[in-house]
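If you want the building blocks of each chain, they are given just below.
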Amino acid sequence: MSGYPPLELHVPEPSGRPGRETDFSYLKVSPAGAVRRPPVDVRPIETEDIVDLLVRVLDDEGRAVGPWDPGADPGLLRRGLRAMLLTRAFDARMLVAQRQKKISFYMQCLGEEAVGIGQALALEPDDMCFPTYRQQGILVARGYPLVDMMCQLYSNERDPIKGRQLPVMYSSKAHGFYSVAGNLGMGFVQAVGWAMASAIKGDTRIASAWIGDGSTAEADFHNALTFAAVYRAPVILNVVNNQWAISSFQGIAGGEAATFATRGVGNGIASLRVDGNDFLAVLAASRWAAERARRNLGPTLVEWITYRGGAHSTADDPSKYRPADEWKRFPLGDPVERLRRHLALVGAWSDEEHARTLKEVEEEVLAAQREAESHGTLASGHVHDASTMFDDVYKEMPAHLERQRGQAGGTR
Amino acid sequence: MSGYPPLELHVPEPSGRPGRETDFSYLKVSPAGAVRRPPVDVRPIETEDIVDLLVRVLDDEGRAVGPWDPGADPGLLRRGLRAMLLTRAFDARMLVAQRQKKISFYMQCLGEEAVGIGQALALEPDDMCFPTYRQQGILVARGYPLVDMMCQLYSNERDPIKGRQLPVMYSSKAHGFYSVAGNLGMGFVQAVGWAMASAIKGDTRIASAWIGDGSTAEADFHNALTFAAVYRAPVILNVVNNQWAISSFQGIAGGEAATFATRGVGNGIASLRVDGNDFLAVLAASRWAAERARRNLGPTLVEWITYRGGAHSTADDPSKYRPADEWKRFPLGDPVERLRRHLALVGAWSDEEHARTLKEVEEEVLAAQREAESHGTLASGHVHDASTMFDDVYKEMPAHLERQRGQAGGTR
Amino acid sequence: MTTMTMVQAIRSAMDVMLGRDDDVVVFGEDVGYFGGVFRCTDGLQAKYGTPRVFDTPIAEGGIVGVAIGMGAYGLRPVAEIQFADYVYPGYDQIVSGAARLRYRSAGDFTAPITIRMPCGGGIYGGQTHSQSPEALFTHVCGLRTVMPSNPYDAKGLLIASIECDDPVIFFEPKRLYNGPFDGHHDRPMVPWSAHPLSEVPEGHYTVPLESAAVFRPGEAVTVLTYGTMVWVAEAAARETGIDAEIIDLRSLWPLDLDTIVGSVSRTGRCVIVHEATRTSGFGAELAALVQEHCFYHLEAPIERVTGWDTPYPHAQEWAYFPGPQRVGAALRRATEAA
Amino acid sequence: MTTMTMVQAIRSAMDVMLGRDDDVVVFGEDVGYFGGVFRCTDGLQAKYGTPRVFDTPIAEGGIVGVAIGMGAYGLRPVAEIQFADYVYPGYDQIVSGAARLRYRSAGDFTAPITIRMPCGGGIYGGQTHSQSPEALFTHVCGLRTVMPSNPYDAKGLLIASIECDDPVIFFEPKRLYNGPFDGHHDRPMVPWSAHPLSEVPEGHYTVPLESAAVFRPGEAVTVLTYGTMVWVAEAAARETGIDAEIIDLRSLWPLDLDTIVGSVSRTGRCVIVHEATRTSGFGAELAALVQEHCFYHLEAPIERVTGWDTPYPHAQEWAYFPGPQRVGAALRRATEAA
Ligand SMILES: Cc1ncc(C[n+]2csc(CCOP(=O)(O)OP(=O)(O)O)c2C)c(N)n1
Ligand SMILES: Cc1ncc(C[n+]2csc(CCOP(=O)(O)OP(=O)(O)O)c2C)c(N)n1
Ligand SMILES: [Mg+2]
Ligand SMILES: [Mg+2]
């Protein structure tokens, strides 16, 4: 053993910190159109050469190029753009509402709108999504009423989940939106179970699972990959790599040594690494993955490269740990602007229409807010009655909870 | 969604079952000498092309060929062969002892002796091994007294771990053999922590972690890979793929879709897939991995292909779930015979020496057994006193345990 | 009616439910082709095929996680954890996933899953094949925790659990799989066929959850217990001649408090027996409840006879196991106290 | 002496230990550059460098697992779990790994690790930022479970925990991080500087484990509590005018039974208060112990005031939280009972 220098612990550090610009060369960005599109029945391991590359469709001018161009109907893309604008307006409003202390907590998806919304447009409405707290875009794209979303955020008397959970932890089975857990990773493996059930029953519905880059370190990620691969479950395993997990950059989650898409191939799952701010790439990759699932060809893991444009949550202050202008310098830009440019280029969107739509979504959000607030807010105390706290622990209330409900009524 | 046939769940099945011969083509065996040997400072992801191949040194005639030939000193190989023979004799004896109800339970490593013993010979004596219950070979190779091993098996008055654990759950810090947990996976991530500590302290010792193919599905495997990759921990991550996990074949653990070595690369860890019944390959690959760790180049994952020649444990009956002759038909043969043939070929072993050694190890085991039995057995009731049951729960015994010890004494 | 061991009764419950309800699926480590290390699922894969009964990877967290997703889809999964000692990798999914899914979604999604696992010692299994972690589940609201003590109850409770819309943790005292065990490990093993509680209907029936059974009526002292310890308590009562009323809780939580309170109010004395370690064991909750509800009837301190607060040792198994001697001594103390 | 908040006191404990002992390392999610979501490690990475203080992947099982390995090597790791609600993925490593390592190796290997985590509610955190899972650890032999209620104890107990050779689960009631909180959420927040228990020595000192503190002496009834509820209990005593003796357990397990038994034997009445759900909560063990050891002194049933047996709701936070009114009512019942 003599002759070896002392060992040293490597602790990954982001290149950028407050006051020090980020070197984005770590991102490994492929030119638009450069990555091959394997057939949907590709052997999983044969996606190995592309998981280090980046599937992109929109070039710098906004043209759709290459094998992944989904050839999407402009009407669909316009729906996508509108959903993104609506989501962004919604987020902005709710952020204000939180500052006004009308809601207790909020989490935006600023900058990452394309991934959830693009995938929602590639799925059937009855496919089940297992979202994270940052996939409100799916609900918006699927037409869940904004008012219902807001009532959840306000924890008010019309909150569909009765004030049980923190804001943004939506649940709507009718809209194929599985209850957000709060515990990172939780739903990722449950999605695989749901997909297995669909296969066991000979159904045709598939599942869409969501997880953040940071959360891939959780056991649930591993369990999801193992079970999905072994049983070839009809599920899309979405990893949203928005570069940050609260204050820790994606290198701390293991993004330095290999891309997150590589994890999929490592488990025998067909995988893609995709520009998540390129709406057309999102649509195309989601369709490819959905087609694989629906044809019983098994799971697909997609790493979406995007950027968390805002703070982690209203409890967070990112200026403490990352350069203030990092988002502006992010090489993949803003999904809204990029889709807008593309649509303008193909003559399906104009500046006037953009301005008009911005106004429309703003008004839609405002109207919803007015209605939601008419049902009360947490601060105003218009919440579900305290006695409802004892419901839904079990299907039927057991004796001990009836007793406790009685005691609570009597402030015992 | 119309037009899609109903989904179906894929449940992996082994090709062989009792009464149906196994088709071993699934194993993907490379010819000896065919796999390149990357430099030790290879970028982890660049081992990607070899994780589907099989590193082998010994050809069918017993010659050492190709870039992985460790050029090992015959003296060392003779030590290895002797340790394997000793381990096998030990196992055989203890199996009998279990049938005689002198010990309560036993687990052999029949057929897989090379992996632990080969690695032990590639490590420094103070490197720390985090073994599974099937790595007794490491203890034997490191010269841990057979009597002490047996006293553990007999749970007798000289059991170094005081009868606390099932047989085979050895522990010897002095021999760099970490306490076997019984809970699958447990030690795999702890090994990474130990290696991180060594790096934090600027030490030169490295860790060797062990897990079975079936257990790679546990969260600890994932956690180990993540932390090892992120911090470039000086650890060898050994996956012993002996084709079975009790009654389930390696496809149920995820071996159908990708090799276990591929998991390593997927996490950004340099990885190898190695013939675990080829003692020279084990030595060479272990040295390569140890050198990487020691030069602070980070972790290496090695999948060892071998075969569980015996029952899972004395509580198991493999004739219920696999063809009786499967081991005989296993393409990689028996590690003992293969090393013996090589040594004979290079003139460093003879049939007489083999016979003599067999006798010697038999006698060594018998002598140890006699001595161990002189200290009692579980059946004879010569075990550590019941009051010792309360020791070592904490460093100092708290009041409640003193109270309980008193009550136990009075059969309260 | 036919005679069944506990293993057979448990298998029969799954067989009946697989046959009646297409949404029932059974899975776990080694449960498929092999039929489970304790043989509880033997023959079920051959009968119902692989999509209904199958092996899983060794990942308890994955097993519970996919069970929850299947439950949310609408299936009734019955998952086996090979030993209760190995449930911890699945604990997060049980606590943060299954137990709170109905609550956090206000009934929108539910997890009607049953998680079976062998528990308890007495088989020289050491610390990783002997644990009784029931208190780690009774503390978690939203879960039901069940533990039968005989073939009849095992089948009826397991069917009730599978049919229940809440997540159920179903403990199977492995020392009882093949015969009642009263703690006299040095005596010959008694087969189930020697006991009337092995008379089990072949078809569908349930033993309701949240209902305790008076296993042995008595007047001198109430014994609250469950699983293997029911038999140990009976031996202790027999051997001491103390007229103990032994209540087999069957459902640990939510539980049948009325039966408990009724009995202790009558006897004025209470001994709690379980195999799990004492501190913060389920016996603590029972003691707390009894003194809350029967304080003015109690004539002696409530006794707890339990496993010691150490890991389950291998060689010292019988010094650890709360056998009839220890239970008998507690019965004496409880009945002799002023 | 200087005035510290609980956050500062906790940080100071790590600072002191990082400075004194090269084997101490600090890690967890967001604890490095950022200094922790509650700022408990703020500045420590800058002061001691990355190999000593660093961020980890989001994998509680990995965090605990590597901590155990480091402990076995000879370090004294101090790991942070971001919220106690997220400890479950690490539960297996704590229970099957850390707690039993010394035992199963007969002292050959040990895990001298400290696992810190914020617990408790009162911050509108909902079910995933409010839990008090201490009973899941007090049931596990081999662990020590600690929960301070003020800056002085926090620092002294944390140093004692880091120096302890056993694995310690160190709970930090997050509602107390920046001031004592008596449950009157509608009143202005009181800063720590207003309270003498924020007087904390800057250097090294310990508060011994297994020692309870009499937080408020009294004669009418004994209150057993810990963490935030110490302050709520004090408010209740003040507001009801009942002369309660409030015992702050500080070390939950192993615990200081003598102080408890001494007090209850004197007062003859006992109220247990904790924020965790009631059933199988640590209060159950306390009730069981008190009735075992003080049966003949008890003049009234032991009361438990706890969180209800539901997940911690978001909007109904104050109906769930066991505030001074509920504690006060229990004090009245306990003292008025015959
Ligand atoms: C099991 C668990 N551990 C820790 C947390 C605390 N936490 C909440 S969000 C977060 C960061 C997640 O990062 P990432 O997965 O990248 O998702 P993103 O926020 O970037 O969308 C952490 C650590 C949690 N919610 N659950
Ligand atoms: C956490 C956990 N789950 C389940 C078990 C039960 N069990 C013991 S060995 C085994 C099979 C392990 O197979 P593998 O990892 O391939 O190792 P091998 O026995 O082949 O060496 C199982 C399921 C366990 N010991 N621990
Ligand atoms: Mg992220
Ligand atoms: Mg194996």
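In this text, all values refer to a predicted model and were calculated from it rather than measured experimentally.

*Asks:* What exactly am I supposed to notice about the relation of the copies chain B and chain A here?
*Replies:* Look at the two chain copies: a rotation about an axis and a shift along it is all it takes to match them. Laying chain B over chain A is done by rotating through 180° and shifting 0.0 Å along the axis; what remains is an RMSD of 0.0 Å. Expressed as an axis order, the relation between the two copies is that of a two-fold axis. In terms of proximity to the rotation axis, the leading residue of chain B is B:Gly266, whose C-alpha is 2.1 Å off the axis.

*Asks:* Where do I start with the domain arrangement of chain A in this structure?
*Replies:* By convention, interface size is frequently given as the accessible area that disappears when the constituent parts associate. The domain boundaries assigned to chain A delineate domain 1 (41-245 + 258-310 + 331-381) and domain 2 (385-412). One C-alpha centre belongs to domain 1 of chain A, the other to domain 2 of chain A; they are set 37 Å apart.

*Asks:* Would you take a moment to explain the interface of chain B and chain A for this structure?
*Replies:* The partner chain A presents 54 residues to the 54 residues of chain B that form the contact. Roughly 4,500 Å² of surface becomes buried between chain B and chain A when both sides are summed, with 62% attributable to carbon and sulfur atoms. Counting across the chain B and chain A interface gives 2 salt bridges. B:Glu256 is paired through a salt bridge with A:Arg232; the nearest N and O atoms lie 3.9 Å apart. For the interface between chain B and chain A, the tally reads 20 residue pairs in polar contact (both at pLDDT 80 or more). Those elements giving two or more residues to the side of chain B that touches chain A turn out to be helix H5 (186-200), helix H6 (219-231), helix H7 (251-255), helix H8 (260-266) and helix H9 (279-294) of chain B. Top contributing element to the side of chain B that touches chain A by residue count: H6(B), with 7 residues. The residue inventory of the side of chain B that touches chain A, partitioned by class, reads 24 nonpolar, 16 polar and 14 charged.

*Asks:* What's the story with the packing of aromatic side chains in this structure? I'm lost.
*Replies:* Two numbers describe a pair of aromatic rings. These are the distance of the centres and the angle of the planes. Within this structure, the stated rule accounts for 63 aromatic pairs over all chains. With centroids separated by 5.1 Å and ring planes inclined at 45°, the aromatic side chains of D:Phe38 and D:Tyr177 adopt a geometry described as tilted. With D:Phe38 in the loop between strand E2 (24-28) and helix H2 (44-48) and D:Tyr177 in the loop between strand E7 (168-173) and strand E8 (199-200), the pair connects residues that are 139 residues apart, well separated along the chain. Where D:Tyr226 meets D:Phe282, the ring centres are 6.2 Å apart and the plane angle is 65°; that geometry is what we call edge-to-face. Taken together, the residues D:Tyr226 in the loop between strand E10 (221-225) and helix H8 (228-240) and D:Phe282 in helix H10 (residues 282-294) connect sequence positions 56 residues apart. An aromatic cluster is present here, built from C:Tyr88, C:Tyr91, C:Phe137, C:Phe171, D:Tyr88, D:Tyr91, D:Phe137 and D:Phe171 joined pairwise through their rings. If you follow A:Arg164 out to its NZ or CZ, it ends over the ring of C:Tyr103, 4.2 Å from the centre. Sitting above the plane of the B:Tyr4 ring, A:Arg294 keeps its charged end 6.0 Å from the centroid.

*Asks:* Teacher, can you tell me more about the site of ligand 1 here?
*Replies:* Near ligand 1, the surroundings consist of 20 residues, among which A:Tyr133, A:Arg134, A:Asp213, A:Ser215 and D:Glu60 are the closest. Chains contributing residues to the immediate surroundings of ligand 1 are chains A and D. Within the backbone of A:Trp244, one N or O atom sits 2.8 Å away from an oxygen atom of ligand 1. A distance of 3.3 Å separates an oxygen atom of ligand 1 from a polar side-chain atom of A:His312.

*Asks:* It is not clear to me how the sheet that holds strand E13 (residues 270-277) of chain D should be interpreted in this structure. Could you clarify?
*Replies:* Pairing between the strands of a sheet comes from backbone hydrogen bonds, and it takes one of two forms, parallel or antiparallel. All names here are of chain D. The mixed open sheet is built from 5 strands, whose spatial order is E9-E11-E10-E13-E14. The open sheet has two edge strands with one neighbour each: strand E9 (213-216) and strand E14 (303-307). Across this sheet, the average inter-strand angle for adjacent strands is 25°, counted without regard to direction.

*Asks:* Would you mind showing me how to read unusual backbone geometry here?
*Replies:* What you tend to see is this: most non-glycine residues have negative phi, and most peptide bonds are trans. Cis geometry is found at the peptide bond from C:Trp253 to C:Pro254, where omega equals -15°. Summarising the element assignment, C:Pro254 is placed in the loop between strand E12 (251-253) and helix H9 (257-267). With a phi angle near 55°, B:Lys28 is a residue other than glycine that sits in the positive phi range. Located in the positive-phi region is B:Gln243, a residue other than glycine, with phi close to 75°. Tracing the sequence through the fold places B:Gln243 in the loop between strand E3 (235-241) and strand E4 (244-245).

*Asks:* It is not clear to me how the site of ligand 2 should be interpreted in this structure. Could you clarify?
*Replies:* Looking at ligand 2, there are 20 residues lining it, with B:Tyr133, B:Arg134, B:Asp213, B:Ser215 and C:Glu60 nearest. The local environment of ligand 2 is shared, drawing residues from chains B and C. B:His312 has a polar side-chain atom sitting 3.3 Å from an oxygen atom of ligand 2. For ligand 2, the accessible surface in isolation is 580 Å², of which the surrounding protein chains cover 96%. Looking at side-chain class alone, the shell around ligand 2 contains 7 nonpolar, 8 polar and 5 charged residues.

*Asks:* Looking at this model, I keep getting lost on the coordination of the magnesium ion (ligand 3). Mind explaining?
*Replies:* Geometry sets the ideal angles at a metal, namely 109.5 degrees for four tetrahedral donors and 90 or 180 degrees for six octahedral donors. Residues and elements named next belong to chain A. Distances from the magnesium ion (ligand 3) to its protein donors, Asp213 (OD), Asn242 (OD1) and Trp244 (O), fall within 2.0 to 2.1 Å. Considered as a linear motif, the donors of the magnesium ion (ligand 3) on their single chain read D-x28-N-x1-W. Each member of the pair, asparagine 242 as well as tryptophan 244, carries the same accessibility label: buried.

*Asks:* Explain the packing of helix H10 (residues 282-294) of chain C against H10(D) here, please?
*Replies:* When two helices pack together, you describe them by how their axes are tilted relative to each other and by the distance separating the axes. Between H10(C) and H10(D), whose axes approach to 7 Å, the crossing angle comes to 65°. Classified by chirality, the crossing of H10(D) by H10(C) is left-handed. In contact with C:Ala284, C:Glu285, C:Ala287 and C:Ala288 of H10(C), H10(D) contributes D:Ala284, D:Glu285, D:Ala287 and D:Ala288. Looking at the contact of H10(C) with H10(D) residue by residue, the class counts come to 6 nonpolar, no polar and 2 charged.

*Asks:* Where do I start with the sheet that holds E3(B) in this structure?
*Replies:* Residue and element names in this part refer to chain B. Here we have 5 strands laid out as an open sheet, ordered E1-E2-E3-E7-E6, and parallel in their pairing. Strands with a single pairing partner mark the edges of an open sheet, and in this sheet they are strand E1 (128-130) and strand E6 (270-275). Neighbouring strand axes in the sheet, compared pairwise and without regard to direction, differ in orientation by 20° on average. Against the sheet, H9 contacts E3, E6 and strand E7 (300-305), and its axis sits at roughly 165° relative to E6.

*Asks:* How do you make sense of the coordination of the magnesium ion (ligand 4) when you look at a structure like this?
*Replies:* Residue and element names in this part refer to chain B. Taken together, the protein donors to the magnesium ion (ligand 4) comprise Asp213 (OD), Asn242 (OD1) and Trp244 (O), at separations of 2.0 to 2.1 Å. Sequence positions of the residues that donate to the magnesium ion (ligand 4) give the spacing D-x28-N-x1-W. Residue aspartate 213 is found in the loop between strand E2 (207-212) and H6, and its partner tryptophan 244 is found in strand E4; the two are separated by 31 residues along the sequence. For aspartate 213, a relative accessible area of 3% translates into the label buried. Residue tryptophan 244 is classed as buried on the basis of its relative accessible area of 4%.

*Asks:* Before we go on, may I ask you to explain the pairing of E14(D) in this structure?
*Replies:* Residues in a regular strand project their side chains so that they alternate between the two faces of the sheet. All names here are of chain D. The buried fraction of E14 is high, at 5 of 5 residues. In this sheet, E14 lies alongside E13 in parallel orientation, the contact comprising 4 bridges. The residue bridging threonine 277 from the neighbouring strand is glycine 307, located in E14.

Quick notes on the rules
Residues numbered from 1 in each chain as written. Chains lettered and ligands numbered in written order. Predicted model: local features only at pLDDT ≥ 70, side-chain atom pairs only at ≥ 80, totals over all residues. Heavy atoms only, no water. Least-squares fit on C-alpha atoms with pLDDT ≥ 70 in both. Domains from an automatic or database assignment. Contact = heavy atoms within 4.5 Å. Buried area = accessible area lost by both parts, 1.4 Å probe. Salt bridge = Lys/Arg side-chain N within 4 Å of Asp/Glu carboxyl O. Polar contact = N/O pair within 3.5 Å; in protein donor to acceptor, adjacent residues only side chain to side chain. Helix = DSSP H or I, 4+ residues; strand = E, 2+ residues; numbered from the N terminus. Nonpolar A, V, L, I, M, F, W, Y, C, P; charged D, E, K, R; others polar. Phe/Tyr/Trp six-rings, centres within 6.5 Å; stacked < 30°, edge-to-face > 60°. Lys NZ or Arg CZ within 6 Å of the ring centre and 35° of its normal. Near = heavy atom within 4 Å. Pairing = 2+ DSSP bridges. Axes fitted to C-alpha atoms, helices over the stretch in contact; angles between N-to-C directions. Areas by Shrake-Rupley, 256 points an atom, 1.4 Å probe, with all protein chains shown as cover. Donors = N, O, S within 2.8 Å, 3.2 Å for Na, K, Ca; no water. Buried < 20%, exposed > 50% of the residue type's maximum accessible area, 1.4 Å probe, protein only. Left-handed = near helix turned anticlockwise from the far one by under 90°.

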